[in-house]
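Commentary on secondary and tertiary structure
This is what each chain is made of:
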Amino acid sequence: DDGRRLKALFEMATDGIITMNDRGIMENVNRAACELFGYTAEELRGQKVNMLMSSHDRTHHDEYLERYQRTRVPHIIGIGREVTGRCKDGREFPLRLAVSEVTLAEGTVYTGILHDLSEFHLAKKRVDDLN
Ligand code: HEM
């Protein structure tokens, strides 16, 4: 059926996909998102998305959400941003973050698509080092 098909597509996507509510609590996380950060889905579901960031953003992400919900002025939604992710083991890595928003009867859901930029950064550094 359609539900199982969509679930398989979500689970097997090559980019990380994370959905969260208006307070930043993660609801759905696919396999690629778990692999990016080194957590199991059980360790992520129900926790705040802030746990995946380095210290500055981790402290301020709640304010980012509040400001957006108050002003409706997006800084990432529909724009995208290169940000720094933080793994369970403390390692930090660059990633491209895209965020979309959908309003459902049960509330607002944000979907983040996370694309690992580690390889790109390494390749870029090798090119830069040639010059
Ligand atoms: C806003 C960082 C993950 C949803 C922001 C901003 C930053 C940020 C820096 C504010 C941008 C600004 O005001 O200039 C990060 C980092 C993440 C992360 C480092 C690392 C994993 C996520 C995920 C979602 C998400 C997974 C959604 C599921 C949002 C929303 C906003 C926001 C809704 C406010 C709307 C907007 O500014 O357009 N984030 N974020 N973030 N983030 Fe995240």
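Residues numbered from 1 in each chain as written. Predicted model: local features only at pLDDT ≥ 70, side-chain atom pairs only at ≥ 80, totals over all residues. Heavy atoms only, no water.

**Comments concerning the nonpolar core**
Of all hydrophobic cores here, the largest spans 25 residues; its most connected members are Phe37 and Leu52. For this core, the secondary-structure elements that each account for two or more residues are β1 (16–20), β2 (26–29), α2 (31–37), α3 (41–44), α4 (55–71), β4 (92–104) and β5 (107–116). Residues within four places of phenylalanine 37 in sequence aside, it is in contact with Leu52, Gly85, Arg86, Cys87, Lys88, Phe93, Leu95 and Leu114. (Core = buried A, V, L, I, M, F, W, Y, C linked by side-chain atoms within 4.5 Å. Buried < 20%, exposed > 50% of the residue type's maximum accessible area, 1.4 Å probe, protein only. Helix = DSSP H or I, 4+ residues; strand = E, 2+ residues; numbered from the N terminus. Contact = heavy atoms within 4.5 Å.)

**Focus on the packing of aromatic side chains**
Summed over all chains, the structure comprises two aromatic pairs. An angle of 70° between the planes, with centres 6.5 Å apart, marks the rings of tyrosine 68 and tyrosine 110 as edge-to-face. Of this pair, tyrosine 68 sits in helix α4 while tyrosine 110 sits in strand β5, placing them 42 residues apart in sequence. Overall, the relative accessible area of 12% leaves tyrosine 68 in the buried class. For tyrosine 110, a relative accessible area of 4% translates into the label buried. (Phe/Tyr/Trp six-rings, centres within 6.5 Å; stacked < 30°, edge-to-face > 60°.)

**Remarks on the environment of glycine 107**
Topologically, glycine 107 is positioned in strand β5. The exposure class assigned to glycine 107 is partly exposed, which follows from its relative accessible area of 23%. Separated by 31 residues in sequence, glycine 107 and isoleucine 76 have C-alpha atoms that sit 20 Å apart.

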